Amino acid sequence: MKIAFIGGYGHLGHGLYQLAKHNGHEAYKIGRSDSKSYLDVDLVVLTTPPSKTIFCLEEELDLKDDIPIISFVAGIPLETYTPHTVAGAVKAMTNIAACDGKGFTVWAKDRDMDPIPISRVYAFMDMLGKGSEVDDSNSTKSVDSYLDDATALIGSGTAYAVKLIENFVQYGVSENLDRSMAQKWVKESFLSALHLLEDDDAENIVNSIASPNGTTAEGLEWLSSDKVDLSIHNALAVTGDKCRELGENH
Ligand SMILES: NC(=O)c1ccc[n+]([C@@H]2O[C@H](COP(=O)([O-])OP(=O)(O)OC[C@H]3O[C@@H](n4cnc5c(N)ncnc54)[C@H](OP(=O)(O)O)[C@@H]3O)[C@@H](O)[C@H]2O)c1
């Protein structure tokens, strides 16, 4: 498949471009000053900054009828893309691990697409790792609302998770553990936590670890008094708010 990555010199665009090449696709990076008219491709992928996306759509992009668009741009509503493609538009949110085929992607399409364009979309999504398509037919939430949540929990959330893990590592280093040893211990501990969550809920797991007056109970009390839960909630909430703001002010 021939794929154009508009914004392909940026972090996400470049990573996805490399992934596409690695998977045998013919990939092209389209930068700010490159032409975006009548691209000879099967699929267009947008990874432009939210603030530049409308200009790109309205002033630059001119697609042949059969080319679908997949946009990873945070905030901009799905319906914004609809007038710019006959084949159909997809709004998606992923995390940077998608560039290694290990991401998790949530996506929604703006209409029922014909077999050829939708098969291109599926082929692209399959490269990125795991994923989930959402629609709003049986939900009170709009697809844009799902995608805002995905931005908080998946796109940005991955950075927050990495930061949390790094805080654990820093503690180990502050106790004179070798950094690579601390990294290994923490990574394995987080993998164990994910394993436990496969079969049990969070409260049961925590209760099975925290015996009364024990070491874990002591630490949990600090987490609670420092309002760490609230801090994490607020970080995710401001991410979602920022998405909605980008959507309203595009
Ligand atoms: N990074 C992530 O983990 C991630 C995850 C999910 C979604 N996203 C979304 O992906 C998009 C890109 O994020 P990023 O982190 O990759 O940002 P980035 O590194 O800043 O990349 C954006 C790229 O788009 C280029 N660009 C700007 N205007 C353009 C135009 N009119 N035509 C073609 N290219 C243009 C920029 O070029 P100049 O530098 O020359 O301006 C830059 O190379 C954002 O909308 C973000 O919400 C990112």
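Everything below is about the structure shown above.
Residues numbered from 1 in each chain as written. Predicted model: local features only at pLDDT ≥ 70, side-chain atom pairs only at ≥ 80, totals over all residues. Heavy atoms only, no water.

**Student:** How should I be thinking about the sheet that holds strand S6 (residues 103-109) in this particular structure?
**Tutor:** Think of a sheet as strands paired side by side through backbone hydrogen bonds, with each pair either parallel or antiparallel. Strand order in the open sheet made by the seven strands is S2-S1-S3-S4-S5-S6-S7, with mixed pairing throughout. Sheet topology places strand S2 (26-30) and strand S7 (129-133) at the edges, where each strand pairs with a single neighbour. The average angle at which neighbouring strand axes cross in this sheet is 25°, direction not considered. Relative to S2, strand S1 (residues 2-6) is paired through five bridges, and the arrangement is parallel. Within S2, the residue paired with Ala4 across the bridge is Tyr28. Lying over the sheet, helix H3 (residues 115-127) contacts S1, strand S3 (43-46), strand S4 (69-71), strand S5 (89-93), S6 and S7, oriented at roughly 160° with respect to S6. (Pairing = 2+ DSSP bridges. Helix = DSSP H or I, 4+ residues; strand = E, 2+ residues; numbered from the N terminus. Axes fitted to C-alpha atoms, helices over the stretch in contact; angles between N-to-C directions. Contact = heavy atoms within 4.5 Å.)

**Student:** Explain the environment of Gly7 here, please?
**Tutor:** Positionally, Gly7 belongs in the loop between S1 and helix H1 (11-22). For the pair Gly7 and Ile30, spaced 23 residues apart in sequence, the C-alpha separation works out to 6.1 Å. The residues touching Gly7, leaving out its near neighbours within four places in the chain, are Gly13, Ile30, Thr47 and Thr48.

**Student:** Looking at this structure, I do not really get the packing of helix H4 (residues 143-155) against helix H9 (residues 228-248). What am I missing?
**Tutor:** A pair of packed helices can be characterised by two numbers: the angle between their axes and the separation between those axes. Running from amino to carboxyl end, H4 crosses H9 at an angle of 140°, the nearest separation of the two axes being 8 Å. Compared by their axis directions, H4 and H9 come out oblique. Viewed along their axes, H4 and H9 form a crossing whose handedness is right-handed. Between H4 and H9, the residues in contact are Asp148, Thr151, Ala152 and Leu153 and Leu236, Thr239, Gly240, Cys243 and Arg244, respectively. (Parallel < 35°, antiparallel > 145°, perpendicular 65-115°, else oblique. Left-handed = near helix turned anticlockwise from the far one by under 90°.)

**Student:** Can you walk me through the packing of aromatic side chains in this structure?
**Tutor:** Here a ring pair, both rings aromatic, is described through the centre-centre distance and the interplanar angle of the planes. This structure, assessed with the given rule, holds five aromatic pairs. An angle of 45° between the planes, with centres 6.1 Å apart, marks the rings of Phe5 and Phe124 as tilted. Placement of Phe5 in strand S1 and of Phe124 in helix H3 is noted, with a sequence separation of 119 residues between them. In terms of burial, Phe5 and Phe124 fall into one category: buried. The class for Phe124 is buried, based on a relative accessible area of 0%. (Phe/Tyr/Trp six-rings, centres within 6.5 Å; stacked < 30°, edge-to-face > 60°. Buried < 20%, exposed > 50% of the residue type's maximum accessible area, 1.4 Å probe, protein only.)

**Student:** I tried to follow the site of the ligand on my own but got confused; where do I start?
**Tutor:** In the vicinity of the ligand, 23 residues are found, and the nearest of them are His11, Leu12, Arg32, Thr48 and Glu60. Within the side chain of Glu60, a nitrogen or oxygen atom sits 2.9 Å from a nitrogen atom of the ligand. Expressed as a share of its isolated accessible area of 900 Å², the protein-covered part of the ligand is 76%. Residue assignment for the shell around the ligand shows that the elements contributing at least two residues are H1 and helix H2 (50-60). At four residues, the largest contribution of residues to the shell around the ligand is made by H2. Here the shell around the ligand is built from residues that sort into twelve nonpolar, seven polar and four charged. (Near = heavy atom within 4 Å. Polar contact = N/O pair within 3.5 Å; in protein donor to acceptor, adjacent residues only side chain to side chain. Areas by Shrake-Rupley, 256 points an atom, 1.4 Å probe, with all protein chains shown as cover. Nonpolar A, V, L, I, M, F, W, Y, C, P; charged D, E, K, R; others polar.)

**Student:** Which parts of the structure should I look at to understand the side chain of His25?
**Tutor:** Inspection of the secondary structure assignment puts His25 in the loop between H1 and S2. Here the side chain of His25 touches Met1 through a polar contact of 3.3 Å, landing on its backbone nitrogen. The residues contacting His25, other than those within four sequence positions of it, are Met1, Ile3, Ala20 and Met127.

**Student:** Looking at this structure, how should I read H3?
**Tutor:** Working note: α-helix, 3.6 residues per turn, so residues spaced by three or four point in the same direction. Across its 13 residues, H3 extends 19 Å between first and last C-alpha, which sits within 8% of the 18 Å expected from 1.5 Å per residue. Of the residues making up H3, those classed as buried are Pro117, Ile118, Arg120, Val121, Phe124, Met125 and Met127. Phi turns positive, to about 120°, at Gly129, one or two residues after H3. (Expected span 1.5 Å × (residues − 1).)

**Student:** Help me out: how do you make sense of unusual backbone geometry in this one?
**Tutor:** Note on backbone geometry: most residues besides glycine have negative phi, and most peptide bonds are trans. The backbone phi angle of Asn176 is positive, close to 70°, even though this residue is not glycine. Along the chain, Asn176 turns up in the loop between helix H5 (157-174) and helix H6 (179-199). In this structure, Asn213 takes a positive phi of about 60° despite not being glycine. Position of Asn213 relative to the elements: it lies in the loop between helix H7 (202-209) and helix H8 (215-225).

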